Amino acid sequence: MQPAIAAQGIGKGFRTGLWAPVKQVLRQVDLSVAPGAIFGVLGPNGAGKTTLISILATLLLPDTGQAKVLGLDVVREAARLKERINLAASGAHFLWCLTVEDSLRFYGRLYGLGGRPLYDKVEKLLDLFGLAEHRRVTFERLSTGLKQRLSLAKALINDPELLFLDEPTSGLDQEMAQHIREEILRLNRELGVTLLLTTHNLREAEMLCTEVGFLKEGRLISEGRIPELQKRLGLGDHLSLIFQDAPAPLDYGRLPGVLRHLVRDFRVDLVLDRADDRLPAILEAVYLSERKLAQVKVKPVDLEEIYREITH
Amino acid sequence: MKLPTSFYKIWAFSVRSALVNRRNIFAMVEMLFWPLIGVLSVGLLTRFLHLEGETVSFILIGAVTMNTVQIAQLDLSYALLYSVWSKSLKHEFIAPVRLAHILIGSGLVGLVRGLLVFMIMGGLSVYLFDMDLRRPGLEGLTCFLLGLFLNAAIIGALVLALVLRFGQRAEVAAWAFSYLMLLLCGLYYPISVLPREIQFLAQLIPLTYFLDYFRHFYGFPLVSRHPLLYGFSQSVVYLIISYGLVSLTLRSAYRRGVLLRLSD
């Protein structure tokens, strides 16, 4: 199957002044995103996330490399591609004196919608994002949450097959951020929209993304499904066995699935490839040793750990 | 009937421009207050100087021209400035719109506003200062107005190019450009009073010829033998050049990340 995004050797640099040297923001980035995926581009501020998303969204020309989005070249076939993609960015900005309804109509017309189809589409989006009661409120009077909702509604005005989300929940309170995340998942599951999002919120990426890529200083240093990355980096779930007295006299390193282990006083910390699969066998071995357990703690590997491992 | 998608894209910019004007008190002031001040102050000055008949018309044509061109070019100049001020530029350019949609859509509103200003100022000139606007006839009036709007379009397109190159800093150019052009084209005086070197520059401005053409209906001799030919041909050439310039700066903006910087 053709990837939704296929980029090879993307490079981009900017000058900060007329005589200033070029500052390289992206270096030889290769990226492949499957159709229907939610791909998260992760990285610290200044890593090049927005630059990458902007190139793929036809808003910026790359210096080197080439990228195809939905099978169309982002430079040569940008006009056709623009019909099929859209973008929602953090800190939504629209014209201050246009109402919610005016804004949606304006952007709808930019995609060639008019008459009844435009009316129906705007009504549908107003309902979908709970904006109907705010339809006559001008943008400058909307709360941050409503602005962000409008931004997402605008991004769906052309029924995009691929949606770029640049820090979609940045600056929102927890409740609103969660609401937006649910919307994103719904778009992907119910409408089959492929999503590429940038975030530096690892929890968010963990919650939303089927695949992630890590950008550091303009390079995509690792990408893949989270379990694959975990395996590649030798990271695993954490299992802590806390004994009532001395720990069971076992050769923990030889137990099935154990990647690393540490014995301290009454406590044994194990790193397992898959805690769910290995736990019964380990607990059985402990039981057979006739040592009593006071507590068992399991902590799945998280993205933060992967991120730490990759970026340091 | 299904209209072509380009119609809706052009209409989008027209409606947006019209809504901004309608909801912005300053836009209304711009359209009504300044033209009113312009025609009154210039008209009263002619009374103070005891100018008569044709000379009054000569001066008033200058005042009407200045305000009409100023207002008509603003919507075009502001087409991108609205997006820059609201930081929404990237949302406009991620959509499948062409430069022509922006220029025509915003320009249409400029044309309507310019026409309104011309009617208001012309009406006041007729009512208060006895100017005879019927003298050039419908054909003369239409050619003159067309010339004014073509000049406004050239100024507007050049300002757009500056906005794409320099961002918000180009805002001042929206006014400066037209004032410079108006100074050189002999707005309140025949270009023969300008220094010889400047007269050459005046001949490179199409508005000079349209003013020359319109004023000859009021008894002033033609400076150029074929003012409409020169005026329209220069206008078309400049329009093509300025469109090309905007296209080039847009291309450069895509390369230099200006669209993103202006959206932050």
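Residues numbered from 1 in each chain as written. Chains lettered and ligands numbered in written order. Predicted model: local features only at pLDDT ≥ 70, side-chain atom pairs only at ≥ 80, totals over all residues.

Participant: Any chance you could break down the overall build of chain A for me, citing the residues and the numbers?
Facilitator: Helix and strand counts for chain A stand at 10 helices and 14 strands. For the C-alpha atoms alone, the extent of chain A along its principal axes is close to 75 × 50 × 40 Å. If you take every contact in chain A between residues at least 6 apart in sequence, the share linking residues at least 24 apart comes to 68%. (Helix = DSSP H or I, 4+ residues; strand = E, 2+ residues; numbered from the N terminus. Contact = placed C-beta atoms within 7 Å.)

Participant: So, the overall build of chain B: which residues are in play, and what are the values?
Facilitator: For chain B, the helix and strand inventory stands at 11 helices and zero strands. Counted from the first residue to the last, chain B has its helices and strands arranged as α-α-α-α-α-α-α-α-α-α-α. Scaling as 2.2 N^0.38, a compact globule of 264 residues should have a C-alpha radius of gyration of about 18 Å, and chain B matches this with 19 Å. Put simply, chain B has 264 residues, and 48% of those count as buried. (Rg over C-alpha atoms; globule rule 2.2 N^0.38 Å. Buried ≥ 20, exposed ≤ 12 C-beta atoms within 10 Å, placed from the backbone.)

Participant: Which residues make up the packing of helix H1 (residues 5-23) of chain B against helix H5 (residues 99-129) of chain B, and what values do they have?
Facilitator: All names here are of chain B. One way to put it is that H1 packs onto H5 with a least axis distance of 7 Å and a crossing angle of 45 degrees. The angle between the axes of H1 and H5 places the two elements in the oblique class. Relative to H5, the crossing made by H1 is right-handed. For the pair H1 and H5, contact is made by Ser-6, Lys-9, Ile-10, Trp-11, Ala-12, Phe-13, Ser-14, Ser-17, Ala-18 and Asn-21 and by His-101, Ile-102, Ile-104, Gly-105, Ser-106, Leu-108, Val-109 and Arg-113, respectively. (Axes fitted to C-alpha atoms, helices over the stretch in contact; angles between N-to-C directions. Parallel < 35°, antiparallel > 145°, perpendicular 65-115°, else oblique. Left-handed = near helix turned anticlockwise from the far one by under 90°.)

Participant: Quick rundown of the interface of chain B and chain A? Include the residues and the values.
Facilitator: Each partner contributes to the interface: chain B provides 30 residues, whereas chain A provides 28 residues. At the level of elements, H1, helix H4 (89-93), helix H10 (227-256) and helix H11 (258-261) of chain B are the ones that each hand at least two residues to the side of chain B that touches chain A. Of the residues assigned to the side of chain B that touches chain A, the class counts are 16 nonpolar, seven polar and seven charged. (Nonpolar A, V, L, I, M, F, W, Y, C, P; charged D, E, K, R; others polar.)

Participant: Please give an account of unusual backbone geometry that cites residues and values.
Facilitator: In this model, A:Asp159 sits at a positive phi of 45 degrees, which is unusual for a non-glycine residue. Looking at the element boundaries, A:Asp159 is found in the loop between helix H5 (144-155) and strand S7 (162-166). At B:Lys87, a position not held by glycine, the phi torsion is positive, near 55 degrees. Examined against the element boundaries, B:Lys87 turns out to sit in the loop between helix H3 (53-85) and H4.

Participant: A description of the nonpolar core should follow, citing residues and the corresponding values.
Facilitator: Core analysis: the largest hydrophobic core is formed by 155 residues, its most contacted members being A:Leu56, A:Leu196 and B:Leu160. Per-element accounting of this core gives the leading share, 19 residues, to H3(B). Not counting chain neighbours up to four residues away, the residues in contact with A:Leu196 comprise A:Ile5, A:Val33, A:Phe39, A:Val41, A:Ile53, A:Leu56 and A:Phe164. (Core = buried A, V, L, I, M, F, W, Y, C linked by C-beta atoms within 7 Å.)

Participant: How would you sum up the sheet that holds S7(A)? Please name residues and give values.
Facilitator: Residues and elements named next belong to chain A. A sheet is described by the order of its strands in space; here six strands give the open sequence S6-S7-S8-S3-S9-S10, paired in mixed fashion. Since the sheet does not close on itself, it has two edges, and those belong to strand S6 (85-89) and strand S10 (219-225), each with one partner. Across the sheet, the mean angle separating the axes of adjacent strands is 15 degrees when strand polarity is ignored. H5 contacts S6 and S7 of the sheet and is inclined by roughly 175 degrees relative to S6. On the sheet, helix H6 (residues 174-191) packs against strand S3 (38-42), S7 and strand S8 (194-199) and is oriented at approximately 155 degrees with respect to S8. (Pairing = 2+ DSSP bridges.)

Participant: Quick rundown of the pairing of S7(A)? Include the residues and the values.
Facilitator: Residues and elements named next belong to chain A. Of all five residues in S7, five are buried; the element is thus mostly enclosed. With burial as the criterion, each face of S7 is covered, one bearing Leu-162, Phe-164 and Asp-166 and the other bearing Leu-163 and Leu-165. Bridging between S7 and S8 involves five bridges; their strand directions are parallel. Bridge assignment links Leu-162 to a residue of S8, and that residue is Thr-194.

Participant: Outline the sheet that holds strand S14 (residues 293-299) of chain A, listing residues and values.
Facilitator: Residue and element names in this part refer to chain A. Taken in spatial order, the four strands make up an open sheet running S12-S13-S11-S14, and their pairing is antiparallel. Edge positions in the sheet fall to strand S12 (258-264) and S14, since each has one partner strand and no second. For this sheet the average axis-to-axis angle between neighbouring strands, irrespective of direction, equals 15 degrees. One ladder, built from six bridges, connects S12 with strand S13 (residues 267-272); its direction is antiparallel. The partner of Val-263 across the bridge, within S13, is Val-268.

Participant: Lay out the packing of H5(B) against helix H6 (residues 137-166) of chain B with the relevant residues and their values.
Facilitator: Residues and elements named next belong to chain B. Between H5 and H6, the least distance of the axes is 10 Å, while the angle of their chain directions is 135 degrees. Between H5 and H6, the angle falls in the class oblique. For the pair H5 and H6, the sense of crossing is right-handed. Facing H5, whose interface residues are Leu-103, Gly-107, Gly-110, Leu-111, Gly-114 and Phe-118, H6 presents Leu-145, Leu-148, Phe-149, Ala-152, Ala-153, Gly-156 and Ala-157. Looking at the contact of H5 with H6 residue by residue, the classes come out as nine nonpolar, four polar and no charged.

Nothing here speaks to function; it is all geometry.
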